[in-house]
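Structural description and commentary
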Amino acid sequence: MIKKTLYFGNPAYLSMRNKQMVVKLPEVENSNAAQIIKKESVRTIPIEDIGVVVLDNKQITITQGLMAALLDNNTAVVTCDSRRMPAGMLLPLEGNTLHNERFRSQIEASLPLRKQLWQQTVKAKIENQAFCLQKNTPKSHAPLHVMARDVKSGDPDNYEAQAAVYYWKNIFTDKPDFIRAQEGPTPNNLLNYGYAILRAIIARALVGSGLLPVYGIHHHNRYNAFCLADDIMEPYRPFVDNLVIDVMERMEITEDLTTEIKREMLAIPVIDVMINSKRSPLMVAAAQTTASLAKCFSGELRKIAYPEFP
């Protein structure tokens, strides 16, 4: 089942009643409107249908009961900063009945195994970058396929970075001097927003598979609470890039992202991908990827299931 991604960009009262999220609007609740109007303005959404919640307004009030229910449902709650960009994420401490066993197998994974898993991850990322380039530009994608083929265990030659240089130089046909940077000019802001949503989806899937998002196979920044999510999302990034290109063709991207643009990016969970030879929404594919990763740590599988372009 595809879970809903909910975005709140205006003031709101969020609470829970009868296993439903209850959404009330302060301007209606505090007005002199008739009770029937206030009642009709209230919206409810079943907790079990929610996968990601994005809170993008300083005047949002959310109850402890609702937060507990969302976490119990393994919902990722994303909060935004003063620039209205994702800045933090709330996830449950326990998302799987076998979490203790899976934590142990993840932490005890050997260095050769982690290097092999990173090799698979980099290969899948570069291949997806090649398909994204092929789909959206007349530039040659052959160099990326060559790099993907030559990636060795642990990626000692750093083909991930080499591929990134070629990819970002060519992916935006109308921006030949584009440089991918967190604080760079547009569409970096749109990429940042999309990757934040993707990160929440992957982190949620990891917790659901009983894995520790903080303990990566490659990323090991001591200040990063989601190292494993940053590892596993790598092959998924080109799907976000493809959506960004589509949005750029239809809408003007400004320095401050509009609500309409953000709404377009909330389609990330339902992007069509191919995984295990079947078409699937990205959020469902993420769960398959993390489940396969858990089996790789336990020795049941040797390969992570990563998505490809349809």
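Residues numbered from 1 in each chain as written. Predicted model: local features only at pLDDT ≥ 70, side-chain atom pairs only at ≥ 80, totals over all residues. Heavy atoms only, no water.

**A look at the overall build of the chain**
Which entries qualify depends on this criterion: The secondary structure listing takes helices from DSSP runs of H or I that are at least 4 residues long and strands from runs of E that are at least 2 residues long, numbered from the N terminus. Any residue under 20% of the maximum accessible area for its type is buried, any over 50% is exposed, and the rest in between are partly exposed; the area is computed with a 1.4 Å probe on protein chains only. Here the Shrake-Rupley method, with its probe set to 1.4 Å, supplies the accessible areas, and only the displayed protein chains count as covering residues. Working convention for charge: Lys and Arg count positive, Asp and Glu count negative, and His plus the chain ends are omitted. Charged groups are reduced to one reference atom each: NZ for lysine, CZ for arginine, CG for aspartic acid, CD for glutamic acid.
From N to C terminus, the chain includes twelve helices and ten strands. Counting only C-alpha atoms, the chain reaches 70 × 50 × 35 Å along its principal axes. Counting across all 310 residues of the chain, residues that qualify as buried make up 50%. Here the chain displays about 15,500 Å² of accessible surface, and carbon together with sulfur accounts for 51% of that area. Where the 36 positive side-chain charges of the chain centre and where its 33 negative ones centre are 4 Å apart.

**Section: helix α7 (residues 159-170)**
Counted only if it meets this: One less than the number of residues in a helix, times 1.5 Å, gives the span that helix is expected to have. The arc under discussion is defined with respect to the helix axis, by the directions toward the C-beta atoms. Contacts: residue pairs with any heavy atoms within 4.5 Å of one another.
For α7, which comprises twelve residues, the first-to-last C-alpha distance of 17 Å matches the rise-based estimate of 16 Å (1.5 Å per residue) to within 8%. What α7 keeps buried is the set Y159, E160, A163, A164, Y167, W168 and N170. Down the axis, α7 shows its buried residues gathered within 160 degrees of arc, on one side only. Those residues of α7 that are exposed and angled more than 90 degrees off the buried face are V165 and K169. Looking at the buried side of α7, the elements it contacts are α5 (111-136), α6 (142-150), α8 (188-208) and α10 (237-250).

**A few points about the layout of surface pockets**
Spelled out, the test is: The method works on a 1 Å grid over the protein atoms by themselves. A cavity is a set of points holding a 1.4 Å probe that cannot get out, a pocket is an open set with protein on both sides within 12 Å along at least five of seven lines, and residues with an atom within 4 Å of a point line them. Grid points are joined across faces, edges and corners, and a volume is the space filled by probe spheres set on the points. For this classification, Asp, Glu, Lys and Arg are treated as charged, while Ala, Val, Leu, Ile, Met, Phe, Trp, Tyr, Cys and Pro are nonpolar and the rest, including Gly, are polar.
Within this model, the largest pocket holds a volume of roughly 900 Å³. Contributing to the lining of the largest pocket are 33 residues, with R83, M85, P86, Q182 and N192 lying nearest its centre. The set of elements that each furnish at least two residues to the lining of the largest pocket consists of β8 (86-90), α8 and α11 (259-265). Per-element tally for the lining of the largest pocket: the top contributor is α8, with seven residues. Residues that form the lining of the largest pocket fall into these classes: 13 nonpolar, nine polar and eleven charged. Listing elements by their share of the lining of the second largest pocket, those giving two or more residues are α5 and β9 (272-275). The element that contributes the greatest number of residues to the lining of the second largest pocket is α5, accounting for six residues.

**Some thoughts on the packing of α6 against α7**
Counted only if it meets this: Axis definition: a line fitted to C-alpha atoms, over the contacting stretch in the case of helices. Angles run 0 to 180 degrees between N-to-C directions. Note that the term roughly parallel is reserved for angles under 35 degrees, roughly antiparallel for angles over 145, roughly perpendicular for angles of 65 to 115, and oblique for everything else.
Two elements in contact, α6 and α7, have axes separated by 10 Å at closest approach and are oriented at 175 degrees. As summarised for this structure, α6 and α7 are arranged roughly antiparallel, according to the angle between their axes. Between α6, through P143, L144, M147 and D150, and α7, the contact on the second element is made entirely by Y159, Q162, A163, Y166 and Y167. Grouping the constituent residues of the contact of α6 with α7 by class yields seven nonpolar, one polar and one charged.

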